[in-house]
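Descriptive structure summary
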Amino acid sequence: MSGHPARPAARPDAAPLVWHAAAATVREAAREVREAARSPALAAAGAVCPAEAERVGRLLRQALDDGRDGLAVLADGLLLDAVRLGRAARTGPSAAGGVR
Amino acid sequence: MTAGAAAACAAACAAAGTAAAGAATAANRAANRAAGRAGSGAAAGRAGTGPPGPGPGTAGVPGPGTAAGSPDGLHGLAERLRHRAEEMDGCARRLGRACDQAGELPGAAAAALRRRLRQRVRATAAGAHGLRRAAAAADACADRWRAETAHRAALAAADRRRRAAREAGAAAGRAASGVGARVQAPAGTAGR
């Protein structure tokens, strides 16, 4: 006995948890980006250097709504993947691609 | 990441058999967040605006005495975006590892799912990259804002100096031509 707790073995149903956590992280990032886009600092910067402030706003919007890679869509997609993975882990390989 | 999300991440890592790595990552994130807050505070301190700036997740809520509507506020915003990008990078790495472990599912449908998962991993990394680009642009904007403000202040100061010198010159001219002498005549002698 080494006195240390045993390292937990990898479990096949751990992937949905990782995907859930990633979805939460991306959702938080999306919220932060939304708040940044309407922050008073950016609005005040627009009065002094409009071109630069506009570029920041455009990049923020792009990060948020860039099609499939946008944070908003990505968070939902990760959550959907978590559900798919959970279903696959519960019902076996045949259900892995059942949800479109 | 909220404390709940961080805990969920750590729990997920532990479940995946990476308890030590997960705990280290969570500790790292906490340290990064503390450093980010300290950085915001230092930025606010530079501007002489008192207490530290808002922490992560409060970009649109200026607290009392914060430098929200200033270049320092914009630098703080960029800092928070970079922090989020780091978190997303960590997520992308964990998703990649989970993808490798979930690669035992056989069949064409599972292959399609694996492809989708890989695409999400790439999208997460791309999202982090996008956040870094926005953060860099915000930093550049704040620098430009500061430079523009300094330039305008210097112009205004030069204008004030020029006007003062012009008035001083005019006063000296009046004094030399005697116009000032009449004005400065002793009291009681006016009208003689």
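Everything below is about the structure printed above this text.
It should be emphasised that the depicted structure is a prediction, and the values quoted were computed from it without experimental measurement.

What counts, and where the lines are drawn
Residues numbered from 1 in each chain as written. Chains lettered and ligands numbered in written order. Predicted model: local features only at pLDDT ≥ 70, side-chain atom pairs only at ≥ 80, totals over all residues. Heavy atoms only, no water. Helix = DSSP H or I, 4+ residues; strand = E, 2+ residues; numbered from the N terminus. Contact = heavy atoms within 4.5 Å. Expected span 1.5 Å × (residues − 1). Buried < 20%, exposed > 50% of the residue type's maximum accessible area, 1.4 Å probe, protein only. Patch = residues over 30% accessible without salt bridge, like charges linked within 9 Å, V, L, I, M, F, W, Y side chains within 5 Å. Areas by Shrake-Rupley, 256 points an atom, 1.4 Å probe, with all protein chains shown as cover. Salt bridge = Lys/Arg side-chain N within 4 Å of Asp/Glu carboxyl O. Lys, Arg positive; Asp, Glu negative; His and termini not counted. Charge placed at Lys NZ, Arg CZ, Asp CG, Glu CD. Core = buried A, V, L, I, M, F, W, Y, C linked by side-chain atoms within 4.5 Å.

**Topic: the overall build of chain A**
When its secondary structure is counted, chain A shows four helices and zero strands. Reading chain A from its N terminus to its C terminus gives the helix and strand order α-α-α-α. Sequence separation of 24 or more characterises 57% of the internal contacts of chain A that already satisfy a separation of 6 or more.

**Some details on helix α4 (residues 71–91) of chain A**
The end-to-end C-alpha distance of α4(A) is 30 Å, a good match for the 30 Å that 21 residues give at a rise of 1.5 Å each. Among the residues of α4(A), those classed as buried are A:Leu71, A:Leu74, A:Ala75, A:Gly77, A:Leu78, A:Asp81, A:Ala82, A:Arg84, A:Leu85, A:Gly86 and A:Ala88.

**Quick word on a positive patch on the surface**
Side chains of A:Arg55, A:Arg58, A:Arg61 and B:Arg133 sit close together on the surface and give a patch of like positive charge. The biggest single contributor to the positive patch is helix α3 (residues 50–65) of chain A, with three residues. For B:Arg133, the location among the structural elements is in helix α4 (residues 108–177).

**Regarding the nonpolar core**
Of all hydrophobic cores here, the largest spans 50 residues; its most connected members are A:Trp19, A:Leu71, B:Leu74 and B:Leu131. Counting residues per element, the ones that place at least two in this core are α1 (14–37), α2 (40–48), α3 and α4 of chain A together with α3 (71–101) and α4 of chain B. Per element, the largest residue contribution to this core is 13 residues, and it comes from α4(B). Apart from residues lying up to four places away in sequence, A:Leu71 is in contact with A:Val26, A:Ala29, A:Ala30, A:Val33, A:Ala63, A:Leu64, B:Met88, B:Gly127 and B:Leu131.

**Things to note about the pattern of salt bridges**
Counted under the stated rule, the structure contains 15 salt bridges over all chains. The salt bridge partner of A:Glu32 is B:Arg80, with a shortest N-O separation of 3.2 Å. Of the two residues, A:Glu32 is situated in helix α1 and B:Arg80 in helix α3; the pairing between them involves two chains. Both residues of the pair, A:Glu32 and B:Arg80, count as buried. Residue B:Asp159 pairs with B:Arg162 through a salt bridge whose shortest N-O separation is 3.4 Å. In this pair, B:Asp159 and B:Arg162 both sit in helix α4, three residues apart, roughly one turn of the helix. Here the residues in one salt-bridge network are A:Glu32, B:Arg80, B:Arg84 and B:Glu87, joined through shared partners.

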